[in-house]
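Chain and residue survey
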Amino acid sequence: MPLATVDLAIVGAGPTGLFAAYYAGFRGLRTAVIDTLPEAGGQITAMYPEKQIFDVGGFPEIKGRDLVENLLRQAAPFEPLYLLGHQALKLQHVDGLPVLDLTGDLRVEAKALLITGGLGSFAPRPLPAAEGFRGAGIVYFVPELAAHAGQDVVIVGGGDSAFDWALALHGVARSTVIVHRRERFRAHAATIDRVRALGVPIIVNAQVTAIHGTTHVEGVAIDVKDEGPRELPADAVVAALGFTADLGPLGEWGLDLDHRTISVDSTMAASLPRVYAAGDIAAYPGKVKLIATGFGEAATAVNNAAVAIDPAAHLFPGHSSENP
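Residues numbered from 1 in each chain as written. Predicted model: local features only at pLDDT ≥ 70, side-chain atom pairs only at ≥ 80, totals over all residues. Heavy atoms only, no water.

The name that an unreviewed UniProt entry assigns to the protein is Ferredoxin--NADP reductase, with the source organism given as Glycomyces artemisiae. Reading the Sequence similarities (unreviewed entry) entry of the UniProt record for the protein gives the comment "Belongs to the ferredoxin--NADP reductase type 2 family." As its UniProt record puts it under Subunit (unreviewed entry), the protein is described as follows: "Homodimer." (UniProt positions renumbered as here; feature names shortened; annotations may be inferred.)

Attention shifts here to the nonpolar core. Across soluble globular proteins, you tend to see nonpolar side chains buried next to one another. Core analysis: the largest hydrophobic core is formed by 65 residues, its most contacted members being L100, V108 and I115. Among the elements that make up this core, the one with the highest residue count is helix α6 (residues 291–309) (9 residues). If near-sequence neighbours (up to four positions away) are discounted, I115 is found in contact with V11, L250, W253, L255, I262, V275, Y276, A277, A278 and I281. (Core = buried A, V, L, I, M, F, W, Y, C linked by side-chain atoms within 4.5 Å. Buried < 20%, exposed > 50% of the residue type's maximum accessible area, 1.4 Å probe, protein only. Helix = DSSP H or I, 4+ residues; strand = E, 2+ residues; numbered from the N terminus. Contact = heavy atoms within 4.5 Å.)

For the structure on display, the rule yields 8 aromatic pairs. Ring centres of Y22 and F26 lie 6.3 Å apart, and the angle between their planes is 15°; on these two criteria the pair is classed as stacked. Within this pair, Y22 and its partner F26 are both found in helix α1 (residues 15–26), separated by 4 residues, close to a single helical turn. With a relative accessible area of 13%, Y22 lands in the buried category. Residue F26 is classed as buried on the basis of its relative accessible area of 13%. Three or more aromatic residues joined by ring pairs form one cluster here, namely F19, Y22, Y23, F26, F78 and F295. (Phe/Tyr/Trp six-rings, centres within 6.5 Å; stacked < 30°, edge-to-face > 60°.)

Right, let's get into the pattern of salt bridges. Tallied over the entire structure, the rule returns 6 salt bridges. For D7, the salt bridge is made with K111, and the minimal N-O distance between the two is 3.4 Å. Of this pair, D7 sits in strand β1 (residues 3–11) while K111 sits in strand β8 (residues 106–115); the two residues are 104 residues apart in sequence, bridging distant segments of the chain. Given a relative accessible area of 36%, K111 falls into the partly exposed group. Here E297 and K287 are joined by a salt bridge, their closest N and O atoms 3.2 Å apart. Of this pair, E297 sits in helix α6 while K287 is found in the loop between β22 (282–283) and α6, placing the two residues 10 residues apart along the sequence. (Salt bridge = Lys/Arg side-chain N within 4 Å of Asp/Glu carboxyl O.)

If you walk across this open sheet you meet the 3 strands as β19-β20-β22, and the pairing is mixed. Each edge of the sheet is formed by a strand with only one pairing partner; in this case those strands are β19 (257–258) and β22. The sheet contact formed by β19 and strand β20 (residues 261–263) spans 2 bridges and is antiparallel. The partner of L257 across the bridge, within β20, is I262. (Pairing = 2+ DSSP bridges.)

Residues annotated in UniProt with the feature "binding site: FAD" (unreviewed entry) correspond here to T16, D35, Q43, Y48, A88, F122, D280 and S321. Along the polypeptide, T16 turns up in helix α1. Owing to a relative accessible area of 9%, T16 belongs among the buried residues under this scheme. Residues in contact with T16, not counting those within four places in the same chain, are T116, A278, G279, G294, F295 and A298. Relative to the helices and strands, A88 resides in strand β6 (residues 88–94). Exposure remark for A88: the relative accessible area of 9% places this residue in the buried category. Excluding its chain neighbours within four sequence positions, the residues that come into contact with A88 are V11, L100, D101, L102, P249 and W253.

Turning our eyes to something else, we now look at the domain arrangement of the protein. Looking at the assigned domains, one finds that the protein contains domain 1 (4–122 + 244–322) and domain 2 (126–239). Its C-alpha centre places domain 1 at a distance of 34 Å from the equivalent point of domain 2. Each partner contributes residues to the interface: domain 1 has 7 residues there, and domain 2 has 9 residues. Summed over both partners, the interface of domain 1 with domain 2 comes to about 710 Å²; 59% of that surface belongs to carbon and sulfur atoms. At the boundary of domain 1 with domain 2, the tally comes to 1 salt bridge. (Domains from an automatic or database assignment. Buried area = accessible area lost by both parts, 1.4 Å probe.)

Rendered as C-alpha cells:
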C-alpha cells in the first residue's frame, strides 16, 4: 500500500480535528488528517456552511463556512497531510504504534492516533413523501443559500435545523414556510420566536403527502389535522428531519465504547495504546457537546500525545504568543 508516516494521525476533519492539526503543528508534530467526506469541515461543511454560529469564543457570530476556512488557515503553516475522501477501515498496532488502513489502498503509520470523527458517518433521514419523486429540488442541507434565491421553499421539520434554515433563507427565497407534524418543536425557543417575528408561516399537525412535479419540484401537498388537504407552492423542499449516525468500521477496532462514543480519561486517552479521542465522539462524565469543548479537548489530547511520543517533552508547551 502507498504509505504515509506521520507523528499524529487525526481521523475526522471537522472543527476539532482541524484545530488538533494546528495544535499538533504548534507542538512540532507532523500530522495526517483523514476524513470520509471529500471536503474538510465535517458536519459544518456538509450540513450548515451558511448558518451563523454564536458560541465560538472570540466570534460574536461566524458562518460555518468561514469558521472552517479560518481553521484551515490556522493549520496551514504546519502543512498537514489531508487524506480526504478516504475512510479509515482498519486499526492495528505494530510494535505498539497505530497503523491505519484506508480506502483507496492507503496506509498511515503514526506514533499516536487522535479520533475526532464527531458522530461517525451520518446520513439524513429521508422524507417518506419524496420516495417516489424522481425530479430535483428535494434537499436535506443547504450548502448555498443563493441556490434558492427567488424560490418558494417548504421546510419540513421542527428541530433546530428547520428553524435555522428558515432564518437563513428569509430574504433570500421568495417565500419560506415550515411544515411540522406536531404542535411542539425541538428547536430552541429563542430561534422559534425569531422565525415567528419574521412572519414565516408555520403549519403544525401537518404531514407532507406528495411532491408535485416531473423534472423539478413544482408544489407540495400536505394534510393538516382537523383541516384536511392543502397545496403549497414550492420550487424546493428542505427535509430537515435529522440524521442517523454510524461509527462504521471504527466500531470494530476494539475501543471501549459508550453507545456510539469512545470512552476516554482526563487525558483524552482511549482504551487502546496511543489512541486518543476528542470532540463529539469522546465520552466522559459531565461531557457537554459543543465546538468550544472540542477545541479544548483537542489541545488536551495533542499535548498528552506529544508526551507519549517523546517522554522528554513537557506536557505544557508554553503560550503560543511567546512562541510564534
